Each structure stands twice: as C-alpha cells, then as structure tokens.
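# Per-entry structural report
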Amino acid sequence: MKVTDHIKEANGKSLFSFEIVPPVKGQNIQKLYDNIDPLMEFKPKFIDVTTSREEYVYIEKGNGLLERKMTRMRPGTVGICASLMHKYDVDTVPHVLCGGFTKEETEYVLVDLQYLGIDNLVALRGDSMKHESQFVPCEGGNNYAVDLVKQINRMNEGKFLNETVEMDTKPDFCIGVAGYPEKHFEAPSLDSDLLRLKEKVDAGADYVVTQMFFDNKKYFEFVEAAKNIGITVPIIPGIKPIAVERHLQILPKVFSLDLPLALEKAVLDCKGDKQAIRQVGIEWAIEQSKELMAAGAPTVHYYSMGKSDNIVKIAREVF
Ligand code: FAD
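Procedures and definitions
Residues numbered from 1 in each chain as written. Predicted model: local features only at pLDDT ≥ 70, side-chain atom pairs only at ≥ 80, totals over all residues. Heavy atoms only, no water. Helix = DSSP H or I, 4+ residues; strand = E, 2+ residues; numbered from the N terminus. Rg over C-alpha atoms; globule rule 2.2 N^0.38 Å. Buried < 20%, exposed > 50% of the residue type's maximum accessible area, 1.4 Å probe, protein only. Contact = heavy atoms within 4.5 Å. Areas by Shrake-Rupley, 256 points an atom, 1.4 Å probe, with all protein chains shown as cover. Lys, Arg positive; Asp, Glu negative; His and termini not counted. Charge placed at Lys NZ, Arg CZ, Asp CG, Glu CD. Near = heavy atom within 4 Å. Polar contact = N/O pair within 3.5 Å; in protein donor to acceptor, adjacent residues only side chain to side chain. Phe/Tyr/Trp six-rings, centres within 6.5 Å; stacked < 30°, edge-to-face > 60°. Expected span 1.5 Å × (residues − 1). Patch = residues over 30% accessible without salt bridge, like charges linked within 9 Å, V, L, I, M, F, W, Y side chains within 5 Å. Salt bridge = Lys/Arg side-chain N within 4 Å of Asp/Glu carboxyl O.

### A few points about the overall build of the protein
In terms of regular secondary structure, the protein is built from eleven helices and ten strands. Taking 319 residues into account, the globule formula puts the C-alpha radius of gyration at 20 Å, and the protein, at 20 Å, falls close to it. For the C-alpha atoms alone, the extent of the protein along its principal axes is close to 65 × 65 × 45 Å. Burial statistics for the protein: of 319 residues in total, 50% are counted as buried. Within the protein, residue pairs in contact and separated by at least 24 positions form 75% of the contacts whose partners lie at least 6 positions apart. When the accessible surface of the protein is split by element, carbon and sulfur atoms take 51% of a total near 16000 Å². The positive charge centre, built from 39 side chains, and the negative charge centre, built from 47, are 4 Å apart in the protein.

Quick look at the structure:
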C-alpha cells in the first residue's frame, strides 16, 4: 500500500514510521531484526531503508603497497526491503539515489521493485562521495533528485528509457522526496531550496520527508512556506533523538542544522553521563513528537540509525 494511502486511511491521526540503515556487508542481518523487533509493537505503516554511496577502500597488497578500490559498504537495500516486507508484513520504502547509478541501472532497480511488489520509494540525489568536494553524477546518471523523479514518473506512465520495449503492466510508484526545514547546505537560500522542492513535487513526487530538525518551529514555518508556494502533498517530519554528546558537533556539521540552546545545555548538564544524555534525547524527541502530532503531522518518522531502544521509549510515550 502506498505511503500516501496509509496517510489518507489514518484520517488525520499521525502515523508511526522509521528509517533503518542496512548493516555493513558481512554483518549478520539478525542484528538488524533484533533492533526492528521491539519497534513492531507500535505498528509502523512503513519502514524506510537507506541506500549508501560507494566509497574507496584500501586493500593491502604486501610490501607496503595499497590498492584503492571503490565499493559499497552497505549494499542490500532492495533485499532488506523485500525481507522486512515478508517477515513483518509491513510496507517498505527503499531510498533510490542518483549518485553512483546510471539511469539504466536505476531502471533495473525499479523493475526489481515492481516484481517484488514494493510500490513506495524515496528519490534522492545522494551526497557527494567522501573524497569529492561536490556531487558528481556518474556518466549516464541523474544529476538532481528531480531528474530521478522524472525517470520514475516516466515508468509510471509505462515508458522505459528505451521506448522500443512495450510495458503491459505499468508500475505505480508512490514517490517521496527530501525536504530541508533548515535549507539544504548547497542551496543559495531557503526560498530557492523550496522552489527546488516544488519542482520535485511538480515532476511527480507524492510526499516529502524532512531532514531531521530539533526545533518544531522550523518545521511549522517550512510547511507554511511550502503551502504558500503551492506544495500541497504531505510533509512528513523526520525526528532523531540525540544519543551521545558528540551529536552536538556532528549533527550540525553533517546535516547543516541548528540545535536549540536549551537542548545543548541539557546535554552538557549531564557532564558526560552517557545514560543521562540518551535520556535527554528521548525526552526532547517525546516533546517534539507530541507537539507535531497535536498539530496534525501525517506521520512522525524516526531516524533509528542502528539502535532502537530510544525510539521504543519515545514511541511508548506518544503512540
Ligand atoms: P536535490 O533535491 O537534487 O537537491 C540537492 C541540491 O541541489 C539542493 O541544494 C537543491 O536546492 C539544489 N537543486 C535541486 N535541483 C536543482 C537544479 N535543477 N539546479 C540547481 N540546483 C538544484 N543520502 C543518501 O546517500 N542515502 C539515503 O538513503 C539518504 N536518505 C535521505 C533521506 C532523507 C529524508 C533526507 C532528508 C536526506 C537523505 N539523504 C540520503 C541525503 C541526501 O542525499 C542529501 O541531502 C543530498 O545532498 C541531497 O539530496 P536531495 O535528494 O535533497 O537532492
């Protein structure tokens, strides 16, 4: 079932959903299930599964020589989606990237999704690779998320890249795209970023999921500004509980966002007590979630990033 249909069916009640990251290759999938199992009590309507960019690894060749190889350390997005769907009877939402994929390869992914009966996905550009100063699409790949949305929408209309092949069953993908209440770090301004978001919606995106934020005011203003330029699709807020003191530096740097002073102070007041910091993150996210739900957020979507104990505590309080 489509994410947007779940939202319609909920009739104004906020849903629970979350995002997981595939394990590093070689790790047992059971660890992932162990983290998901306790979250299923809260009946998520869908689970997002991220896709990671490829990266360089260095292989020792002896004599002090290293060979540089490009690899994906966390493959398996589509396989994990299929496995979660069957194990938990839940809809899954693979993230599909421009970065690192040709349009042809993207088409193969879409064909796999159609065969598996996965009808949701989030279309993203992807970040630049660690060694790149800016995003570079691969040859024959999509440049921006909007181009990927157009490609997916063309398939929804029954057209492959190579139009000589006829499609007798069109897919009907429900397309999510990313939105940034505090602006994407490359965008010249929040207004211009919002216009880019509108382009994605006009190209066929059915809903928006936001980057994490810690001040609900930013989300409410974003939703209002989006409405004012004609974005009428659901905008799902993304929430991440602070879990360690280092997040005070890492999250603003990596995700280009502000942390409220009160949250920073609460974390610092824990004086390095790891449990207490985790608890601060949980309580902050509970308050955020309650306010978002009271304001009618379609879904509250949690970034679990590996460990789920804190999301379980939040969900217990709010769902
Ligand atoms: P775009 O919408 O293409 O925007 C990228 C930048 O280009 C923005 O600054 C935008 O304003 C600008 N822009 C857009 N269109 C144009 C245009 N035509 N001309 C000029 N400028 C333009 N990354 C991963 O690698 N894997 C994931 O699974 C993943 N999941 C994510 C989930 C969510 C909910 C979010 C919010 C982010 C996720 N990301 C993921 C990170 C995302 O890939 C990065 O933030 C990336 O830098 C931008 O992706 P985008 O889809 O928003 O790009």
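### Some remarks on the site of the ligand
Near the ligand, the surroundings consist of 21 residues, among which Thr-51, Asp-127, Tyr-180, Asp-193 and Lys-200 are the closest. In this structure, an oxygen atom belonging to the ligand sits 2.9 Å away from a main-chain N or O atom of Ala-145. One of the backbone N or O atoms of Ala-187 is found 3.4 Å from an oxygen atom in the ligand. Taken by itself the ligand offers 980 Å² of open surface, and the protein chains cover 86% of this. Those elements giving two or more residues to the shell around the ligand turn out to be strand S5 (91–97), helix H6 (190–202) and strand S8 (207–212). Per-element accounting of the shell around the ligand gives the leading share, three residues, to H6.

### A short note on the packing of aromatic side chains
Going through the model one piece at a time under the given rule, you end up with eight aromatic pairs. Between Phe-16 and Phe-42, the ring centres sit 6.0 Å apart and the planes meet at 75°, which makes this aromatic pair edge-to-face. Taken together, the residues span a long stretch of sequence, with Phe-16 in strand S1 (residues 15–20) and Phe-42 in the loop between helix H2 (30–36) and strand S2 (46–49) at a distance of 26 residues. Residue class for Phe-16 comes out buried when judged on its relative accessible area of 3%. Looking at Phe-42, the relative accessible area reads 12%, which means it is buried. Centroid distance Tyr-219 to Phe-220: 5.7 Å. Interplanar angle 65°. Geometry classified as edge-to-face.

### A look at helix H10 (residues 274–294)
The end-to-end C-alpha distance of H10, which contains 21 residues, comes to 31 Å, matching closely the 30 Å that a straight helix rising 1.5 Å per residue would cover. Those residues of H10 lying buried are Ile-277, Arg-278, Val-280, Gly-281, Ile-282, Ala-285, Ile-286, Gln-288, Ser-289 and Leu-292. Of the residues flanking the end of H10, it is Gly-296, one or two places downstream, whose phi is positive at about 90°.

### Section: a negative patch on the surface
The grouping of Glu-283, Glu-287, Glu-291 and Glu-317 at the surface amounts to a negative patch. Take the negative patch: its biggest share by element is three residues, from H10. Within the fold, Glu-291 resides in helix H10.

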